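Chain by chain, the residues run as shown.
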Amino acid sequence: MGLPGFFVICMLHSILAITSGASMMFYTKEVSVFGHGREIASRLQGSTPHDQLLIQTSDSFSGLLLFVIGFMLFMVAFVKDREFQSFFAKGCVLLHVSMAIWRVWFEGKLEDLAHEWARQALGDLALALSWVFLLVYSWREMYD
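Residues numbered from 1 in each chain as written. Predicted model: local features only at pLDDT ≥ 70, side-chain atom pairs only at ≥ 80, totals over all residues. Heavy atoms only, no water.

A. Examining the overall build of the protein chain more closely. Assigned secondary structure in the protein chain consists of six helices and zero strands. Secondary structure elements of the protein chain occur, N-terminal to C-terminal, as α-α-α-α-α-α. Expressed along its principal axes, the backbone C-alpha trace of the protein chain runs to roughly 60 × 25 × 20 Å. Out of the 144 residues belonging to the protein chain, those deemed buried represent 28%. (Helix = DSSP H or I, 4+ residues; strand = E, 2+ residues; numbered from the N terminus. Buried < 20%, exposed > 50% of the residue type's maximum accessible area, 1.4 Å probe, protein only.)

Structural data, given as C-alpha cells:
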C-alpha cells in the first residue's frame, strides 16, 4: 500500500509539467511574454538572428526536458511501494528547494530577471510544500 495522496500529487505535477513543457516547445515566444512581460521577453530573445536561433533552440529543449519529466511523473504515480514513494517525495522537495535557491542566487543577479525571482522562487517553494504535506501526512498516519 502506498502513501495516501501520492497518486494525486504526482498526477497534478505531471499535468503541470507536460502542459508547460509542450507550451515551451511549440509556443516559445508566447510563453516568454506570458512569463516575463512583453518588454523583457523582447530583450531575452537576443539581438542577432544567430542568438535568436540559439535561444529558441535552448527554450525548446528546456520544454522537451520538462515534458519528459512530466511523463516520468505520470509513470511514477502508479508505483505502489511506500518506501519508494517516500524517497521520491523527499527528492522532489530537495529539487524544488534547490531550484528556489538557484533562482535567488542566480536570477537575482541578472538585470532583466531581477524583479521576477521572488515570484518564481515562491512558486518553487509552493511545489515543494505539496510534497512536504504528503510526507507529514504519511508520518502522522505512521505514528498514530
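B. The arrangement of helix 4 (residues 49-76) in detail. For helix 4, built from 28 residues, the straight-helix expectation of 40 Å at 1.5 Å per residue is met to within 8% by its first-to-last C-alpha distance of 40 Å. What helix 4 keeps buried is the set G63, G70, L73 and V76. (Expected span 1.5 Å × (residues − 1).)

C. Looking closely at the nonpolar core. Ranked by internal contacts, the top residues of the largest apolar core, which has 15 residues, are F6, C10, F88, W131 and L134. For this core, the secondary-structure elements that each account for two or more residues are helix 1 (6-26), helix 4, helix 5 (82-105) and helix 6 (117-143). (Core = buried A, V, L, I, M, F, W, Y, C linked by side-chain atoms within 4.5 Å.)

D. Quick look at a nonpolar patch on the surface. Among the surface-exposed residues, F7, V8, L12, L65, I69, F71, M72, F74, M75 and F78 lie close enough to one another that they form a single nonpolar patch of about 950 Å² accessible area. In terms of residues, the nonpolar patch owes the most to one element, helix 4, which gives six residues. Mapped onto the fold, L65 is located in helix 4. (Patch = residues over 30% accessible without salt bridge, like charges linked within 9 Å, V, L, I, M, F, W, Y side chains within 5 Å. Areas by Shrake-Rupley, 256 points an atom, 1.4 Å probe, with all protein chains shown as cover. Salt bridge = Lys/Arg side-chain N within 4 Å of Asp/Glu carboxyl O.)

E. Structural detail: the packing of helix 1 against helix 4. Taken N-terminus to C-terminus, the directions of helix 1 and helix 4 make an angle of 160°; their axes are 7 Å apart at the nearest point. The angle between helix 1 and helix 4 places the two elements in the roughly antiparallel class. Seen from above, helix 1 lies across helix 4 with left-handed handedness. Residues F6, C10, M11, H13, S14, A17, I18, S20, G21, A22, M24 and M25 of helix 1 form the contact with helix 4, whose own contacting residues are D59, S60, S62, G63, L64, L66, F67, G70, F71, L73, F74 and V76. Per-class residue counts for the contact of helix 1 with helix 4 are 15 nonpolar, eight polar and one charged. (Axes fitted to C-alpha atoms, helices over the stretch in contact; angles between N-to-C directions. Parallel < 35°, antiparallel > 145°, perpendicular 65-115°, else oblique. Left-handed = near helix turned anticlockwise from the far one by under 90°. Contact = heavy atoms within 4.5 Å. Nonpolar A, V, L, I, M, F, W, Y, C, P; charged D, E, K, R; others polar.)

F. Broad picture of the environment of Q85. Among the structural elements, Q85 can be located in helix 5. Between the C-alpha atom of Q85 and that of F7, which follows or precedes it by 78 residues, the distance is 9.6 Å. Look past the residues within four positions of Q85 in its chain and what remains in contact with it is G2, L3, F6, V79 and K80.

G. Structural detail: the pattern of salt bridges. Within the structure shown, the criterion is met by one salt bridge. Notably, a salt bridge pairs R103 with D124, separated by 2.5 Å at the nearest N-O pair. Of this pair, R103 sits in helix 5 while D124 sits in helix 6, placing them 21 residues apart in sequence. An identical accessibility class is assigned to R103 and D124; each is buried.

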